[in-house]
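Here is how the chains run, residue by residue.
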Amino acid sequence: MASKFCRHICPRNCYNTCGLVSLVEDRRITGLYGDPAHGYSRGHLCRFGYRYLDLFYHPERVIYPLRQVPRGSGNWRRISWDEAYELIAGKMLVE
Ligand code: SF4
């Protein structure tokens, strides 16, 4: 079994940007810890950080683009990444 430790920054939208160390075994994260070398968090995470793996591997996590048509209907359908990028870019472009 191939395993390694990797260092990250917590991806949640939080100002602390805590350091993480993950244990990756056979291309799957099996452990997640606070990075003791991080200058601010010094090996500690909040309850969201410690639960991050539950979110990451949750069976209902959305891992592809969805579009709700019509908006507000609750009628979601899967779309391609190209379609999603075009929709987003089309809304960002200013005429
Ligand atoms: S572990 Fe918690 S406190 Fe640290 S950056 Fe992530 S969400 Fe913020």
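Residues numbered from 1 in each chain as written. Predicted model: local features only at pLDDT ≥ 70, side-chain atom pairs only at ≥ 80, totals over all residues. Heavy atoms only, no water.

Draft legend 1. Here's a closer look at the environment of lysine 91. Its location among the elements puts lysine 91 in helix H3 (residues 81-92). For lysine 91, a relative accessible area of 69% corresponds to the exposed category. (Helix = DSSP H or I, 4+ residues; strand = E, 2+ residues; numbered from the N terminus. Buried < 20%, exposed > 50% of the residue type's maximum accessible area, 1.4 Å probe, protein only.)

Draft legend 2. Representation of the domain arrangement of the protein chain within the structure. You can read the domains of the protein chain as domain 1 (3-56) and domain 2 (63-95). With centres defined by C-alpha atoms, the gap from domain 1 to domain 2 works out at 31 Å. (Domains from an automatic or database assignment.)

Draft legend 3. A nonpolar patch on the surface, seen in detail. On the surface, a nonpolar cluster with roughly 760 Å² of combined accessible area is contributed by Val62, Ile63, Tyr64, Leu66, Trp76, Trp81 and Tyr85. Here tyrosine 85 lies in helix H3. By relative accessible area, tyrosine 85 is classed as exposed at 51%. (Patch = residues over 30% accessible without salt bridge, like charges linked within 9 Å, V, L, I, M, F, W, Y side chains within 5 Å. Areas by Shrake-Rupley, 256 points an atom, 1.4 Å probe, with all protein chains shown as cover. Salt bridge = Lys/Arg side-chain N within 4 Å of Asp/Glu carboxyl O.)

Draft legend 4. Seen up close, the nonpolar core. In this structure, Cys10, Cys18, Leu20, Leu32, Leu45, Tyr52 and Leu53 together form the largest nonpolar core, which totals seven residues. Apart from the residues within four sequence positions on either side, tyrosine 52 is in contact with Pro11, Arg12 and Leu32. (Core = buried A, V, L, I, M, F, W, Y, C linked by side-chain atoms within 4.5 Å. Contact = heavy atoms within 4.5 Å.)

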